[in-house]
Amino acid sequence: MEDKRQFNIVAVGQSGRLSFEAVLLAASLRATNPDFTGRLLIAVPQAGPLWPDDPAIQDPDILALLAAFGAEIIPFENRIFGASYPYGNKIECLSALPDEPFLFLDTDTVFTGPLASIGFDFAKPSASMKREGTWPVLELYGPGYTEVWRALYDRFGLDFESSLDTSQPDEYWNRYLYFNAGWFFHQSPQQFGSRFAEYARAIRDETPPELICQPLSPWLDQIALPLVVHSFGGGRPGEALAGLDGDVTCHWRTMPLFYARESDRAVEVVEQVLAPNPIKKVLKEYLPFKKMVYQGKGRDVRALFDRNDLPRREQQIRNKIKREGLWVR
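Now for a quick tour of the structure. Because the structure is predicted, anything quoted here is derived from the model rather than measured. (Residues numbered from 1 in each chain as written. Predicted model: local features only at pLDDT ≥ 70, side-chain atom pairs only at ≥ 80, totals over all residues. Heavy atoms only, no water.)

All right, on to the overall build of the chain then. In terms of regular secondary structure, the chain is built from 12 helices and 8 strands. Over its C-alpha trace the chain gives a radius of gyration of 20 Å, about what one expects of a compact globule, namely 20 Å for 329 residues. The principal-axis extents of the C-alpha atoms in the chain amount to approximately 55 × 45 × 45 Å. Relative to its 329 residues, the chain shows a buried fraction of 54%. If you sum the accessible surface of the chain, you get close to 14,600 Å²; carbon and sulfur atoms cover 48% of it. (Helix = DSSP H or I, 4+ residues; strand = E, 2+ residues; numbered from the N terminus. Rg over C-alpha atoms; globule rule 2.2 N^0.38 Å. Buried < 20%, exposed > 50% of the residue type's maximum accessible area, 1.4 Å probe, protein only. Areas by Shrake-Rupley, 256 points an atom, 1.4 Å probe, with all protein chains shown as cover.)

Right, dumping it as structure tokens:
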């Protein structure tokens, strides 16, 4: 059922890279969705015992641009993760949000089309399928996919069988519910965030025996996320959500990868919204924007690839860009 309730958009911003990315996110939202009536919330971690350095956005020029695009700074405290696992920010920030329907987006996202075209059902959460089979990492004589994932579902009292995509072969990674945490949504950030934090902390601190040999960093958020989504009655995104990672949003990850593989429309939006002088003056300080967008090297990267016939694995794309001396992060 389509859910037309007003909702808020939240992304994590902090000093450095994420602050520059947040400006692009905000600028693209206002350019492509001028009628969006929800709030754009930039959740910013605050200095505390879990951070050796202050992570807050300090640059007044960045803060001024964010404000000009209607973004609101929402401070939050880290009680679980902090600098030891910065991906935990997307878990902990949810507790600071107003308890209204939300769409979380990674800061390295650009809006390319109308959000009104997305058929959200905020009562049934979902998340991004723009991912590869990065976890679990199988050892020759260790537990398989089924054993690892079943242990997690059992740990939290969840029904494992109903999470499976039975059209996929047994012991193939895509059979198991696995998301990229680049976007997810639900009707209650308080409930979702509380459970997300509970599950992630339990996996980290009380690791099931089947996961003892598994790397938890940087994958912890993506290990816990499908369990949380499933626990609230959600699952894989259907056709109504196809515009996310499609015609409406683009999770670009890094500027070289963006130019290598994303749509002409996404490139057009990025270059248009970053062009005005007041924005250029600030964002050219960020090397990937300076080199890829303002110096035109992104177009050189784009010429290396056929978007209709990209290498199957991301690492192959990265390696080709690096060989040409065009990689920047």
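Here we come to the pairing of strand 3 (residues 71-76). Where strand 2 (residues 40-45) and strand 3 come together, 6 bridges link them in parallel fashion. Looking at strand 3, one finds that Leu-40 is bridged to Ala-71. Chirality of the crossover, the property in question, places the unit of strand 2, helix 2 (residues 60-68) and strand 3 among those that are right-handed. (Pairing = 2+ DSSP bridges. Right-handed = clockwise from strand over helix to strand, strands pointing away.)

Time to look at the layout of surface pockets. A volume near 1,400 Å³ is recorded for the largest pocket. Looking at the largest pocket, it is lined by 48 residues, and the ones nearest its centre are Asp-106, Asp-108, Asn-180, His-251 and Arg-253. Counting residues per element, the ones that place at least two in the lining of the largest pocket are helix 1 (17-32), helix 3 (89-92), strand 4 (102-105), strand 7 (180-186), helix 6 (220-231), strand 8 (249-251), helix 8 (264-274) and helix 12 (314-323). Top element by residues in the lining of the largest pocket is helix 12. It accounts for 4 residues. Looking at side-chain class alone, the lining of the largest pocket contains 14 nonpolar, 14 polar and 20 charged residues. When its volume is computed, the second largest pocket comes out at roughly 290 Å³. Lining of the second largest pocket is provided by 17 residues; of these, Phe-7, Phe-36, Thr-37, Leu-115 and Ala-116 occupy positions nearest its centre. When its residues are assigned to classes, the lining of the second largest pocket shows 8 nonpolar, 5 polar and 4 charged. (1 Å grid on protein atoms, 1.4 Å probe; cavity = no way out; pocket = protein on both sides within 12 Å on 5 of 7 lines; lining within 4 Å. Points joined across faces, edges and corners; volume = space filled by probe spheres on them. Nonpolar A, V, L, I, M, F, W, Y, C, P; charged D, E, K, R; others polar.)

A separate point is the sheet that holds strand 7. Read across the sheet, 6 strands follow the order 3-2-1-4-7-6 without closing on themselves; strand pairing throughout is mixed. Each end of this open sheet is capped by a strand with a single partner; those strands are strand 3 and strand 6 (126-128). Adjacent strand axes in the sheet meet at a mean angle of 25° when their direction is disregarded. Here strand 4 runs beside strand 7; their pairing, made up of 4 bridges, is antiparallel. From the neighbouring strand, Leu-105 faces strand 7, where its bridge partner is Trp-183. Running at roughly 140° to strand 7, helix 5 (residues 189-205) makes contact with strand 4 and strand 7 of the sheet. Running at roughly 25° to strand 7, helix 6 makes contact with strand 6 and strand 7 of the sheet. (Axes fitted to C-alpha atoms, helices over the stretch in contact; angles between N-to-C directions. Contact = heavy atoms within 4.5 Å.)

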